[in-house]
Amino acid sequence: MAQSYRLQQRRFSIAMVCDFFYPRLGGVENHIWSLAFHLLRLGHKVIVITHAYKCADNEYSGEDDTTIRQKSKRSGVRYLPGGLKVYYCPFLPMVDEDCMPTFTVSFPLLRWIFIREGIDIVHSHQATSTLANEAVTYAAELGLASIYTDHSLFGFNDIASII
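Caption draft 1: Quick look at the pairing of strand 7 (residues 121-125). By the criterion of burial, strand 7 is predominantly enclosed, with 5 of the 5 residues buried. Burial of the side chains of strand 7 extends over both faces: Ile121, His123 and His125 are buried on one face and Val122 and Ser124 on the other. Note: strand 1 (residues 13-17) against strand 7, 4 bridges, orientation parallel. Looking at strand 7, one finds that Ala15 is bridged to Val122. One ladder, built from 5 bridges, connects strand 7 with strand 8 (residues 145-149); its direction is parallel. Following the sheet pairing, His125 is matched in strand 8 by Thr149. Note that the unit made of strand 7, helix 4 (residues 130-142) and strand 8 has a crossover that is right-handed.

As structure tokens, then:
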């Protein structure tokens, strides 16, 4: 019976949006990857949208003992193991790898991704992620379902935590 239920489940196209994702490592990043991986295993289409990252330079020795430096940048579309598609968008990061708030500049690119990928649900992560906050606003404007997950330890018992 469980198998027949699984066959009747609707498959969703889900966009996970956050400023914080691989190659940066942390709790939010691991949560997004893990949730995306398990949703993919259940048969849903999942993509991650984040900003481009400048990675540390890679150094290695060549055949003739010369040092080779390789600059690395995560930008464009990449696939992680397990078939997870990641859009590393060309948005300007500020402090702590958080995108600069634009409120409208990111709309054309995010709209294009949502339409191209046939997104049904936009899942934004983290209160301090401006990209996630903008994406959930755009989702409402485009008539898409949205989910917001706050990973912070902020409380709601005083005004300083809410602002």
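Read on for the rest.
Caption draft 2: Representation of helix 3 (residues 107-116) in the model. By the burial criterion, the buried members of helix 3 are Leu110, Ile113 and Phe114. For helix 3, the buried positions fall inside an angular range of 100° around the axis, keeping them on one side. Of the exposed residues in helix 3, those oriented more than 90 degrees away from the buried face are Pro108, Ile115 and Arg116. Tucked into the core, helix 3 has its buried residues touching strand 1, strand 2 (45-51), strand 6 (84-89), strand 7 and helix 4. The first or second residue beyond helix 3 is Gly118, which carries a positive phi of 65°.

Caption draft 3: Region of interest: the side chain of His51. Within the secondary structure, His51 sits in strand 2. The class for His51 is buried, based on a relative accessible area of 0%. Among the polar contacts listed, one links the side chain of His51 to the backbone oxygen of Asp19, at a separation of 3.2 Å.

Caption draft 4: Inspection of the sheet that holds strand 8 at higher detail. In space, the 6 strands of this open sheet follow the order 5-6-2-1-7-8, with mixed pairing throughout. Each end of this open sheet is capped by a strand with a single partner; those strands are strand 5 (76-80) and strand 8. The average undirected angle you get between the axes of adjacent strands in this sheet is 20°. In the sheet, strand 1 pairs with strand 2 via 5 bridges, with the strands oriented parallel. Paired with Val17 across the strands is Ile49, a residue of strand 2. The strands touched by helix 3 are strand 1, strand 2, strand 6 and strand 7; relative to strand 6, the strand with the most contacts, the crossing angle is about 160°. Strands in contact with helix 4 are strand 1, strand 2, strand 7 and strand 8; relative to strand 7, the strand with the most contacts, it is inclined by about 155°.

Basis of the calculations
- Residues numbered from 1 in each chain as written.
- Predicted model: local features only at pLDDT ≥ 70, side-chain atom pairs only at ≥ 80, totals over all residues.
- Heavy atoms only, no water.
- Buried < 20%, exposed > 50% of the residue type's maximum accessible area, 1.4 Å probe, protein only.
- Helix = DSSP H or I, 4+ residues; strand = E, 2+ residues; numbered from the N terminus.
- Pairing = 2+ DSSP bridges.
- Right-handed = clockwise from strand over helix to strand, strands pointing away.
- Arc of directions from axis to C-beta.
- Contact = heavy atoms within 4.5 Å.
- Polar contact = N/O pair within 3.5 Å; in protein donor to acceptor, adjacent residues only side chain to side chain.
- Axes fitted to C-alpha atoms, helices over the stretch in contact; angles between N-to-C directions.

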